[in-house]
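Breakdown of the fold
Spelled out, the chains give:
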Amino acid sequence: MLQFIALAAPPGFMTADATSTQRAAREHLQQLLAAVAGGDRDAFERLYRLTSAKLFGICVRMLPERGEAEDVLQEAYVAIWQRARGYDPALASPVTWLVAVVRNKAIDRLRAAGPRRRDVAIDAAGPLEDEGAQPLREAEAAVEGRRIEDCMNTLETRQRDAVRTAFWEGLTYEELAERLAVPLGTLKSWIRRSLLKLKVCLDG
Amino acid sequence: MAETTDIPEGMQTELLAAEYVLGVLDPHARRGVEARLPGDAALAAAVAMWNQRLGALALDVPDATPPAWLWARIVDALPLSAAAPPSRTRSGPAPAGFWDSLAFWRTLAGGALAAAVIAFVAPWRPAPEIEPPVAVAPAPAAVPAHAAALVQDDGRGGYTATLDHDHRLRVSPAADPPHSDTQVPELWLIPEGQAPISLGVIAQDTTTELTLPSDVVPLLSAPTVLAVTWEPPGGAPQGVATGPVVAVGALFDL
């Protein structure tokens, strides 16, 4: 199914393959970011409406306390407004940029607050099983997500869980070792080997 | 700083970047990486690549709708006191911060995550009011100047459109028109190479007649496509289409 974004494509787009549809989607976000860089409030609001549900999903996952997640989302969008000038549409995926801004804000918040306990155990939570809960994930767009999941699945279970927990909870090596009850050296070795395996898998 | 034991030779920078992006560095090491980034192109490039690699993990998370008041809070928090808005030209003095560094983002080679862009396309909130064009019975036709056959994805007819010399546009559904109980069809005009322009919501079952806005008429000198999308009742919010394409066709001269 073609999403609205396909409309930004030039005539003939109905015959376009998924790649050009994605390119059109990417270009639309890039145009919004460029307008935001120019101080365009309307573009900023449109960007917010298009992306805030996904970015807030990331905030909520990383910071289960709702108020903190809201604070971080606010900080992230203020940063997006301020830093949009530093984003060059010709050079980077807007998604990469937006996700990195949000995760950085979330990690900073987690660091500032120090170690914390979670009420909800999400450590080993995998990707969402229920595709129906992600109606917006287009089949062709899921490919990239599948790729990282496929590569994650090449890791041993405990190591994969360690990477996932680190990614979502922003735990330091020390906190992660304590959480998983493994020696610090072992944990560092797990994470580093896992990261190198992921690099080989994703780049291959 | 990360330990260097157990790390393959030549991989220290790579791993430090990966650890930074993953988020396992302690605050001191984390700040250390950020301090190095503006002057260390190799490290910055590695961080950019890891943002791209690991960022895809974040897209598996379910969407969550932020509370409606949060937008107002964000607007309030924007630094408006600055003397001038950000420059569109980027010709001013470069900001010093790492995140503002164009060089950093320049290191991103391409879009491993581009394919995931569409996952970001969220439906808009309930629509602001858009005045719908009036649905009318088929009018005695003026002499049409242009026409378009809008076909559906499966090749079946969706709508036909005619445009006369007075810029009256008539859009009629096919015999077995696309139908939705929950959404409304909205008509778009897409001059080649330009963003879609909303012509408003049209009727599902009968001919809709409207006059092209005068600022749109000059755009017809370029090859132009008409398209219909499904939109929430009231039409696409703020003139940006959100729904799937129902039918599309090129406007041609008669």
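Residues numbered from 1 in each chain as written. Chains lettered and ligands numbered in written order. Predicted model: local features only at pLDDT ≥ 70, side-chain atom pairs only at ≥ 80, totals over all residues. Heavy atoms only, no water.

Next up on the list: the confidence of the model for chain A. All names here are of chain A. Mean pLDDT over chain A: 79, with 73% of residues reaching 70 or higher. Throughout residues 1-16 the model reports pLDDT below 50, and contacts reaching past four residues in sequence, or to other chains, amount to 49 contacts. In the predicted structure, residues 119-141 sits below a pLDDT of 50 and forms 49 contacts with residues beyond four places in sequence or in another chain. (pLDDT = per-residue confidence, 0-100. Contact = heavy atoms within 4.5 Å.)

Next up on the list: the state of the cysteines. All names here are of chain A. If you walk through the whole model with that rule in mind, you get one disulfide over all chains. The side chain of Cys-151 participates in a disulfide bridge whose partner is Cys-201; the two sulfur atoms lie 2.0 Å from each other. On the sign convention where negative is left-handed, the bridge of Cys-151 and Cys-201, at about -80 degrees about the S-S bond, is left-handed. With a gap of 50 residues between them, Cys-151 in helix 5 (residues 142-152) and Cys-201 in helix 8 (residues 184-203) connect regions that are remote in the sequence. (Disulfide = S-S within 2.5 Å. Helix = DSSP H or I, 4+ residues; strand = E, 2+ residues; numbered from the N terminus.)

On to the sheet that holds strand 1 (residues 144-152) of chain B. All names here are of chain B. The strand order across the open sheet formed by eight strands is 5-4-7-8-1-2-3-6, and the pairing between neighbours is antiparallel. Edge strands, defined here as strands with exactly one partner in the open sheet, are strand 5 (197-201) and strand 6 (208-211). Ignoring which end each strand starts from, the neighbouring axes of this sheet average 20 degrees apart. Direction of pairing for strand 4 (residues 184-191) relative to strand 7 (residues 224-231): antiparallel, over a ladder of eight bridges. Directly across from Leu-187, in strand 7, lies its bridge partner Val-228. (Pairing = 2+ DSSP bridges. Axes fitted to C-alpha atoms, helices over the stretch in contact; angles between N-to-C directions.)

Let's shift gears to the pairing of strand 4 of chain B. Residues and elements named next belong to chain B. With eight of its eight residues buried, strand 4 lies for the most part within the structure. Of the two faces of strand 4, the one lined by Val-184, Glu-186, Trp-188 and Ile-190 and the one lined by Pro-185, Leu-187, Leu-189 and Pro-191 are each fully buried. Two elements, strand 4 and strand 5, share four bridges in a ladder whose sense is antiparallel. Each residue of the ladder has a partner; that of Glu-186, found in strand 5, is Val-201. Turn length for the strand 4-strand 5 hairpin, with the two strands adjacent in sequence and antiparallel, is five residues, and the turn residue Gly-193 shows positive phi of about 75 degrees. (Buried < 20%, exposed > 50% of the residue type's maximum accessible area, 1.4 Å probe, protein only.)

It is worth spelling out the packing of helix 2 (residues 41-62) of chain A against helix 4 (residues 69-77) of chain B at this point. Closest axis-to-axis distance for the helix 2 of chain A/helix 4 of chain B pair is 12 Å, and the angle between their directions is 140 degrees. In terms of orientation, helix 2 of chain A lies oblique with respect to helix 4 of chain B. With respect to the hand of their crossing, helix 2 of chain A and helix 4 of chain B are arranged in right-handed fashion. Here Arg-41, Phe-44, Glu-45 and Tyr-48 of chain A of helix 2 of chain A lie close against helix 4 of chain B, whose contacting residues are Leu-70, Trp-71, Ile-74 and Val-75 of chain B. (Parallel < 35°, antiparallel > 145°, perpendicular 65-115°, else oblique. Left-handed = near helix turned anticlockwise from the far one by under 90°.)

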